[in-house]
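This is what each chain is made of:
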Amino acid sequence: MCGIVGYIGQQDAYPIVIKGLKRLEYRGYDSAGVAINSGNNVNVYKRKGKVSDLEQFTLNKDISGCIGMGHTRWATHGIPNDVNAHPHISMNGKFVIIHNGIIENYAYLKKKMIARHYEFKSETDTEVLANLIEYIYMFGNVSAEVAVRLALTKVIGAYGLVVMCIDEPDKLIAARNSSPLVIGLGQKEYFIASDATPFVEYTDQVVYLDNQNVAIISRDGIQIKTIKNDIVNPDIKKIDIDINEIEKGGFNDYMLKEIYEQPKSITDTMRGRVFQNDNYISLGGLLDVMPRLMNARRVIIVGCGTSWHAGLVGEYLFEEYARVPVEVEYASEFRYRNPIINSEDVVIAISQSGETADTLAAIQLAKKCGACVIGICNVVGSTLSRETDAGVYTHAGPEIGVASTKAFTTQVTVLAMMALMIGKNKFNIKQEQYHELLSELISIPTKIEHTLQSASKIEEVARLYKDSSNFLYLGRGCYYPVALEGALKLKEISYIHAEGYPAAEMKHGPIALIDDKMPVVVIATKDKGYEKIVNNIQEVKARKGIVIAVVSEGDQTIASMADHVLEVPVFNTAIGAILTIIPLQLLSYYIAIFRGCNVDQPRNLAKSVTVE
Ligand code: F6R
């Protein structure tokens, strides 16, 4: 949440900062702002709305200067407006600051600052921090760096921030606690950002700032310290992001591009890991923890939103093939309970971004209890990937559309690989069945390609129901989480209310909602629960509900009773569940487009939820 970009070097800062903010807009788009040091002055421009609104606002303004920073906001404290937009300037104009995160004790600090005759223009927690830094700087008679460090010792909460001091114009000071910041190292130029995408074309050398660390950055170099003033040696890493992966590549939206990328991203997830000829799966990132994984008394999967849904599919796969008890928990609930975890448990944390605050807190709790913690994550170098005992990257490539698509299918792919690998090692799966399962897994990308070819039919169905006010999604077994995910996709990008239910639960309540205006999306592929789901479809039809069924290709039985069928290729094992989400992603995409919604940046949302 909130995107941060900073630049110091020889080039004009403004275009670099603006381009970077556009790449980080998935993190929030309530307002945007920049501060550019022109040499004589720091010019601050900020605006409610998108980065493009800010660009309009800065036309004909002085945007010159080779040191600058910018911010795109997802509002926490204070409504989205020009005043609450970042950067914030301290009362006496000494400091300019951009911030991602939440200062939890801001009310207490604000009261103290008001007692010291500080006045505030905005409702934000960030302005409190700007004034606290300034107060320490002016009355403590210390350098900007010392003022920032001392102020941060008084702060409770999460921050990724960049600070400019008017009296020390040739440096930027960055700090991090729980909100990610990465520094890009160029030739006499440095970049700071919430993730590496803003500067991939300039450098592949980066330093990920650790919690409670401060970086003092000038053209001549960087120095990193803890907020308590201990020197930290920068750990320089090389990143590998292809610039084409973060462009739209001919699609109108990132979401559609990412839906279509799924055959490739799943292939990349399996590359070098699934060996069908030799009948085995190897996940290098888990080698060190294999004994603990094999002997786990229980697996607990934690995640939020779509990643939680992937975990629910994982529960079926693990129970089916690995034969180990599994619990799937919302990370946000898990962390605030007093869960019983011990060293024989394995906790699997799933997160596309690797920066979701609740999931990171759940990891900390699990580690404290002695569990082995494994991450399934997409963003290389993210906090989750650094704080887990072991892990598997999904290799889906950057996911920029706020609604998760390829992250979900690649997470499920990883869970399937893990379940099969454990199942085989435990001799739960016979050789022949294992071979069939691997063939199924390997066939998924081709089957998704095939499913994508029916996009125009799905578009037609979407056109018919774009004005519905409610949708129900039903599925049994491992299709229940697919129903949840389908409903979530529709809600978040089209703003239509949608609920996912286990199909058999319908008669315990939701059936009361069904009438001739209610589209009911049923996942009804030929699988274990097929006959039962056919009955559920009959129950909906008997109440005049509209049935949109996801079915196995050629299914005439359901075609004769449903209003619409969306076909997916035939599959024989639970692994095929991945396929059934594809028509649901496309359905919600087209409905949202017909309703004129911005699918990549749905209202009120942000991609990387770094606040609790
Ligand atoms: C839904 C969506 C969110 C995320 C959730 C967790 O489309 O994107 O529900 O799945 O915020 O994010 P990660 O996976 O980054 O931890």
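Our subject is the structure listed above.
These figures come from a predicted structure and were not determined experimentally.

The rules we used
- For every chain, the first residue of its written sequence is number 1, and the numbers climb from 1 along that sequence.
- In keeping with the predicted nature of the model, local features appear solely for residues at pLDDT of at least 70, side-chain atom pairs appear and are counted solely at 80 or more, and the whole-chain, interface and lining totals rest on all residues.
- As a rule here, side-chain values cover all heavy atoms of the structure and leave hydrogens and water aside.
- Think of it this way: DSSP has to see at least two bridges between two strands before they count as a pair.
- Each helix is a run of DSSP H or I of at least 4 residues and each strand a run of E of at least 2, with the numbering of both proceeding from the N terminus.
- Assignment of crossover handedness uses the view with strands pointing away from the viewer, where a clockwise path from the first strand over the helix to the second indicates a right-handed crossover.
- For this analysis, a salt bridge means a side-chain nitrogen from Lys or Arg found within 4 Å of a carboxyl oxygen belonging to Asp or Glu.
- Buried, partly exposed and exposed residues are distinguished by accessible area as a fraction of the type maximum, computed with a 1.4 Å probe on protein chains only: under 20%, between the cut-offs, and over 50%, respectively.
- The axes are straight lines fitted to the C-alpha atoms, using for helices just the contacting stretch, and the angles between their N-to-C directions are given from 0 to 180°.
- Here the angle decides the label: under 35 degrees means roughly parallel, over 145 means roughly antiparallel, 65 to 115 means roughly perpendicular, and every other value means oblique.
- In what follows, a contact means two residues having at least one pair of non-hydrogen atoms within 4.5 Å.
- Residue polarity follows a fixed list, in which Ala, Val, Leu, Ile, Met, Phe, Trp, Tyr, Cys and Pro are nonpolar, Asp, Glu, Lys and Arg are charged, and the others, Gly among them, are polar.
- Lining residues are those with an atom within 4 Å of a point, where the points come from a 1 Å grid over the protein atoms alone and group into cavities, where a 1.4 Å probe fits but cannot get out, or pockets, open sets with protein on both sides within 12 Å along at least five of seven lines.
- Grid points are joined across faces, edges and corners, and a volume is the space filled by probe spheres set on the points.

Overview of the pairing of strand 19 (residues 326-330)
Where strand 18 (residues 298-303) lies against strand 19, five bridges are found, and the strand directions are parallel. Bridge assignment links Val-302 to a residue of strand 19, and that residue is Glu-329. Read from strand 18 through helix 9 (residues 305-322) to strand 19, the crossover connection turns out right-handed.

A short note on the pattern of salt bridges
As enumerated under the stated definition, the model contains 30 salt bridges in all. A salt bridge links Glu-261 to Lys-257; the nearest nitrogen and oxygen atoms lie 3.1 Å apart. Lys-541 is paired through a salt bridge with Asp-563; the nearest N and O atoms lie 2.7 Å apart. Note that Lys-541 is positioned in helix 17 (residues 530-542) and Asp-563 in the loop between helix 18 (556-559) and strand 27 (564-568), a separation of 22 residues in sequence. The exposure class assigned to Lys-541 is partly exposed, which follows from its relative accessible area of 27%. For Asp-563, a relative accessible area of 36% puts it in the partly exposed group. Through salt bridges with shared partners, a single network forms among Arg-297, Arg-298, Glu-327, Glu-344 and Asp-345.

Considerations on the packing of helix 1 (residues 13-23) against helix 2 (residues 51-58)
Relative to each other, helix 1 and helix 2 sit at 155°, their axes nearing to 10 Å. For the element pair helix 1 / helix 2, the angle class is roughly antiparallel. On helix 2, the residues that touch Tyr-14, Ile-18, Leu-21 and Lys-22 of helix 1 are Val-51, Leu-54, Glu-55 and Thr-58. Classifying every residue of the contact of helix 1 with helix 2 by side-chain character gives five nonpolar, one polar and two charged.

As for empty space enclosed by the protein
A water-sized probe, rolled over the atoms, reveals where empty space remains. A full pass over the atoms with the stated rule returns two cavities of 30 Å³ or more. Of the voids in this model, the largest cavity is the one considered here, and its volume is about 70 Å³. Each residue belonging to the lining of the largest cavity can be placed in one class, and the counts come to three nonpolar, seven polar and two charged. The calculated volume of the second largest cavity comes to roughly 30 Å³. Secondary structure elements with two or more residues in the lining of the second largest cavity: strand 7 (159-165) and strand 8 (168-177). Element by element, the count of residues in the lining of the second largest cavity is highest for strand 8, at four residues.

The analysis is restricted to geometry; functional conclusions fall outside its scope.
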